[in-house]
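Summary of the model geometry
What follows is the residue order along each chain.
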Amino acid sequence: MPNDGKTTPWQRLAGKIAPEVLVAPKTCGAPGNEGEWPEVEESVVVYLEHNVVGNPWADHLALAALVMTARRLQANTVLNVLKYVAPRFRELFGILGYELMEDWNATEVFRAYLSGQVLPEDSLNTKSDTWKKYNTAAIQVDRWLKSLPPAERRLYEPFSLPIPDKGQLHWVGKLSGDAQQKARKARKAATDAVVPSLPAIRAMAQLRLNRLARVRQAYHDAMKELQSGKPFTLPISYCYDESEEREQGIPPQERLHFRIWDRRSFVFAHKDKYSPHSVKAATTKTGAYSDGQNRLFLEFVHAEHLVGDGPAEGLWFEELLRRGLLGNGPRHGTEEEVHAKQEYVRAWGYGDDEKPEALTTPFHGMTAGLLTWPKAEALFMSDAQRAAEGVLIPIEPLYAAAMFGLLALDTFTTTGMRINEAMQIRMTPECLKRVTQPAPPGASDQGPRERVCLMLIPKGERRDEPHPYYIGTEQIRLMRMTMQMLQDHYGLTVKDNLREVNFDSQNARSFRFKNKQPYLFQYSGRHLRDIAITACMKFILHGMAFKTQEGGNVVVTAHTLRHCFATHAVQVLKIPKDVVREWLQQKDIEVTDYYSQPTDSMIAEHHDQLLMRFAANVNLGKQVLRAPEEQVRLYEDAAGKAGTLADVEGGHCVSHGFCAAKFACVGCAGKVVDPTKRYQVERKKEWARMQLDFCRAEGLMPEVSRLEQLLRDCDAELAEMDMMEQYRRDGTRVAFIRLDNLDAAD
């Protein structure tokens, strides 16, 4: 469509790039032809303005972006080309001393770059991707040039990107193959580490949200007591009991202790940590301590373990708050403090191993009030945390992050969708649809089936039609919980829909979503970026250690979970690959085959099961051979299933098929506890204690977390053995607080 005289994003580059490039023919820049060619997207122009303009290669990359857009490459594809090529230009020009594009010999430069003679620190993947992206741009411009009349071709040839001589760089194909193989190996290793834990990941995330919800509920209950008119003196202390197992009849495992402060009471209680000026301001109720700014806040003091003598679990994010690692915290502080923070987050696997010098902020929500204190509170709370005995909790920002993290995890592990597709979820009839389907052949009930699906636009150059992603009752429940959290956040009623916000403008696919929508992934009036959703997932899973067979840390991402979904669907659930391909919205079945390949652990486990069958037949000997034929058949069938006949530590395994716990039986949900095997659990607990001391001394933080969890599991099983007859599930428990310092009215 014509632009009706309005200035387009591309026209903002007037005076910043060569005038010939600005009005190149067969593009949107050509005068009078604005409606014939696709417009260059805002995100592409912004990148050119901030990262390309003013450099010797500005005209060349601007023309490449213009031509690729005219040839109908998606904005995210164009942006990816620029984001790889522009930084390499900047580094290579500096190292090689080039000042003009006339100095650029593509063949020689790439020979030196790809062979490691220059920028040797760049990874194999970076080199391979830079080579591919540069050639994409150069070839697109070359094809465009060949479509022009000779006179125009000669005019624009100086602005084209030289194509490297692939005959002289014939070995690059192996380099790209090696890079792809290395990337695939790393991806499958991560999948191998995570896929057995998919149910545990969802369960742990839900349990953590439940625990944080009770902390939030208890805080609100305490606030109501403070507002009831009864006299009180700050700080107010209160506690409530936790039982992670949720079984009735089992004593509470932990007691969580809290305090409520305001700014003045906190300063008075920590006078030695504040300047005389601050103490005076708190006394006179002025400045930051005036009535308008003297807000209440929550301190988590400590967790008291009530069963056994193992370490208390407390709150999984306690260390993140104590160390100041949420938001931009890992970048702030003295040089020594920043170094310590970066060491800690990298010990958990956060950050890019290929760029160890880059500062990483894994829990940065990129949104006001998400994962961090509101701006008006941030400075005071940062200083107060240094003085506090416990940790100061921004309860609403953390609850929102946990809610988003759980929703994302559950969505990715049950649908396999991409993160850009999840970002499209919105509370509208066009997105959330009910579909009526006929009953499957042979079903006893031939009535129609109702399904719920999300209509979302998959990835693809020319795909703009929504595709159904089917969801179940659990996903619907989590979406409703998220919507309720956002309604509370915005002060809306249950009948109100969410705010309509713009799709994240920094996202390469934002050009597809021009209109404001009530997106579910939003907060503080802004659509959440993909990096914010990832930060929320990292937050709710922090402390769960996933390791490759080589011992490397694995951080759960949306793409890792997409691989896990495909692998689990094909290898465990035995769903045909062509069905999984449709679920994942992949064009090529070979891609689905790669995503769903069995992991090394699955291959090894099937081999172990085969050996177990051979061993079982030998060990049973004549007793099996003399049994009735049917009994022999049942035994052999059971022997091929992990756990069916197994006595395990502390009880008996009832888990058939693939062992999700990888034979870590203490704490496994697939085990029936046997009180006569108490000594086995006690011995396991003693071993874990010795290992815990060693790992703490060596600074092996993920192992420390795993062993602490094992000790808690031992205590839980020992308590369960004591009270097996009273074992009942209770998933609707609420926190009942006990308040101190609240005086009865006279």
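Treat the numbers as computed from the prediction; the structure is a model and nothing was measured.

Some words on the overall build of the chain
Helices and strands together make up the secondary structure of the chain, namely 26 helices and 15 strands. Looking at the chain residue by residue over its 746 residues, the buried ones come to 49%. Approximately 36700 Å² of the chain is accessible, and the part contributed by carbon and sulfur atoms is 52%.

A short note on the environment of Tyr274
Turning to its location among the elements, Tyr274 is positioned in the loop between helix H10 (263-269) and helix H11 (276-284). When its relative accessible area of 14% is taken as the criterion, Tyr274 is described as buried. Sequence spacing of Tyr274 and Ala387 is 113 residues, and the spatial spacing of their C-alpha atoms is 8.8 Å. Those residues in contact with Tyr274 that lie beyond four places of it in its chain are Phe266, Val267, Val279, Tyr289, Phe380, Asp383 and Ala384.

Structural notes on the pattern of salt bridges
Counted according to the given criterion, the structure contains 30 salt bridges. The partner of Glu42 in a salt bridge is Arg12, with the nearest N and O atoms 3.1 Å apart. Taken together, the residues Glu42 in helix H2 (residues 42-51) and Arg12 in the segment before helix H1 (19-22) connect sequence positions 30 residues apart. For Glu42, a relative accessible area of 38% translates into the label partly exposed.

Comments concerning the environment of Leu700
Looking at the element boundaries, Leu700 is found in the loop between helix H25 (678-698) and helix H26 (701-722). Looking at Leu700, the relative accessible area reads 38%, which means it is partly exposed. C-alpha separation for the pair Leu700 and Trp348, spaced 352 residues apart in sequence, amounts to 9.3 Å.

Thoughts on the sheet that holds strand S15 (residues 738-739)
Spatial ordering of the open sheet is given by S5-S4-S3-S1-S15, a layout of five strands whose pairing is antiparallel. The outermost strands of the open sheet, each flanked by one partner alone, are strand S5 (391-393) and S15. Sheet topology note: the strand S3 (residues 254-262)/strand S4 (residues 296-305) ladder contains nine bridges and is antiparallel. Within S4, the position partnered with Arg255 by the bridge is Glu304. Running at roughly 145° to strand S1 (residues 236-242), helix H9 (residues 198-226) makes contact with S1, S3, S4 and S15 of the sheet. Relative to the sheet, helix H14 (residues 375-387) contacts S4 and S5, its axis offset from that of S5 by approximately 155°.

Some remarks on the sheet that holds strand S7 (residues 449-456)
The strand order S6-S7-S8 describes an open sheet built from three strands, whose pairing is antiparallel. For this open sheet the edge positions go to strand S6 (432-437) and strand S8 (467-471), each flanked by a neighbour on one side alone. This sheet shows a mean twist of 45° between the axes of neighbouring strands, independent of strand direction. Bridge count between S6 and S7: six bridges; the pairing is antiparallel.

Some words on the side chain of His60
Residue position: His60 is located in helix H3 (residues 58-70). According to the relative accessible area criterion, His60 is buried, its value standing at 8%.

Re helix H13 (residues 335-347)
Under the 1.5 Å per step criterion, the end-to-end length of H13 is 18 Å for 13 residues, consistent within 8% with the ideal 18 Å. Every buried residue of H13 is listed here: Val338, Lys341, Gln342, Tyr344 and Val345. Here the buried residues of H13 occupy an arc of 160° about the axis, which is enough to place them on one side. Facing away from the buried side of H13, by more than 90 degrees, are the exposed residues Glu335, Glu336 and Glu343. Taken from the residues just after H13, Gly349 is the one with a positive phi, measuring 95°.

Details of the packing of aromatic side chains
According to the stated counting rule, one finds 30 aromatic pairs in the structure shown. Geometrically, the ring pair formed by Trp316 and Phe539 is tilted, given 5.4 Å between the ring centres and 50° between the ring planes. Of the two residues, Trp316 is situated in the loop between S4 and helix H12 (318-322) and Phe539 in helix H18 (residues 530-541); the sequence distance between them amounts to 223 residues. Since its relative accessible area comes to 12%, Trp316 is described here as buried. Residues Phe404 and Phe521 carry aromatic rings whose centres are separated by 5.9 Å and whose planes lie at 35° to one another, so their mutual orientation is tilted. Placement of Phe404 in helix H15 (residues 395-415) and of Phe521 in the loop between helix H17 (473-490) and strand S9 (522-523) is noted, with a sequence separation of 117 residues between them.

Here we look at helix H4 (residues 75-96)
Residues spaced three or four apart along an α-helix face the same direction, because each turn holds 3.6 residues. With 22 residues, H4 should cover 32 Å at 1.5 Å per step; its first-to-last C-alpha distance of 31 Å lies within 8% of that length. The first or second residue beyond H4 is Gly97, which carries a positive phi of 75°.

Things to note about the pairing of S4
As judged from the three bridges shared by S4 and S5, these two strands associate in the antiparallel manner. In the strand pairing of S5, Leu298 is matched with Ile393.

Quick notes on unusual backbone geometry
Glycine aside, a negative phi is what most residues show, and trans is what most peptide bonds show. Put simply, Leu234 and Pro235 share a cis peptide bond, and its omega is 5°. Relative to the helices and strands, Pro235 resides in the loop between H9 and S1. Even without glycine at this site, Arg72 takes up a positive phi of about 65°. For Arg72, the location among the structural elements is in the loop between H3 and H4. Notably, Leu371 is not glycine yet its phi reads approximately 75°, a positive angle. Looking at where Leu371 falls in the secondary structure, it is placed in the loop between H13 and H14. Given a relative accessible area of 0%, Leu371 falls into the buried group.

Looking at the nonpolar core
Of all hydrophobic cores here, the largest spans 98 residues; its most connected members are Phe317, Ile393, Phe404 and Phe539. Dropping the residues within four chain positions of it, Ile393 is found in contact with Phe258, Leu298, Phe300, Leu315, Phe317, Leu321, Trp373 and Leu398.

Examining the packing of H3 against helix H6 (residues 124-146)
H6 packs onto H3 with a crossing angle of 70° between their chain directions and a minimal axis gap of 9 Å. As far as their axial angle goes, H6 and H3 are roughly perpendicular. Judged by residue contacts, Leu63, Ala64, Val67 and Met68 of H3 engage Thr136, Ala137, Gln140, Val141 and Trp144 from H6.

Let's talk about the side chain of Thr107
Tracing the chain through its elements places Thr107 in helix H5 (residues 106-114). Not counting the four nearest positions on each side in its chain, Thr107 is found in contact with Pro164, Asp165, Gln168 and Leu169.

Some remarks on the packing of H4 against H6
Following both chains from N to C, one finds H4 and H6 inclined at 110°, their axes separated by 9 Å at the closest point. With respect to their mutual orientation, H4 and H6 come out roughly perpendicular. Once H4 is placed against H6, the crossing between them reads as left-handed. Between H4, through Asn80, Val81, Tyr84, Val85, Arg88 and Phe89, and H6, the contact on the second element is made entirely by Thr126, Asp129, Thr130, Lys133, Tyr134, Thr136 and Ala137. Its residues assigned to classes, the contact of H4 with H6 shows six nonpolar, four polar and three charged.

Quick word on the confidence of the model for the chain
Looking at the chain as a whole, its pLDDT mean stands at 82, while 82% of the residues score no less than 70. Across residues 244-248, where pLDDT falls below 50, the model places 23 contacts with residues more than four positions away in sequence or in other chains. Confidence drops under a pLDDT of 50 for residues 654-661, and excluding neighbours within four residues, the segment shows 21 contacts in the predicted structure.

Rules used throughout
- Residues numbered from 1 in each chain as written.
- Predicted model: local features only at pLDDT ≥ 70, side-chain atom pairs only at ≥ 80, totals over all residues.
- Heavy atoms only, no water.
- Helix = DSSP H or I, 4+ residues; strand = E, 2+ residues; numbered from the N terminus.
- Buried < 20%, exposed > 50% of the residue type's maximum accessible area, 1.4 Å probe, protein only.
- Areas by Shrake-Rupley, 256 points an atom, 1.4 Å probe, with all protein chains shown as cover.
- Contact = heavy atoms within 4.5 Å.
- Salt bridge = Lys/Arg side-chain N within 4 Å of Asp/Glu carboxyl O.
- Pairing = 2+ DSSP bridges.
- Axes fitted to C-alpha atoms, helices over the stretch in contact; angles between N-to-C directions.
- Expected span 1.5 Å × (residues − 1).
- Arc of directions from axis to C-beta.
- Phe/Tyr/Trp six-rings, centres within 6.5 Å; stacked < 30°, edge-to-face > 60°.
- Core = buried A, V, L, I, M, F, W, Y, C linked by side-chain atoms within 4.5 Å.
- Parallel < 35°, antiparallel > 145°, perpendicular 65-115°, else oblique.
- Left-handed = near helix turned anticlockwise from the far one by under 90°.
- Nonpolar A, V, L, I, M, F, W, Y, C, P; charged D, E, K, R; others polar.
- pLDDT = per-residue confidence, 0-100.

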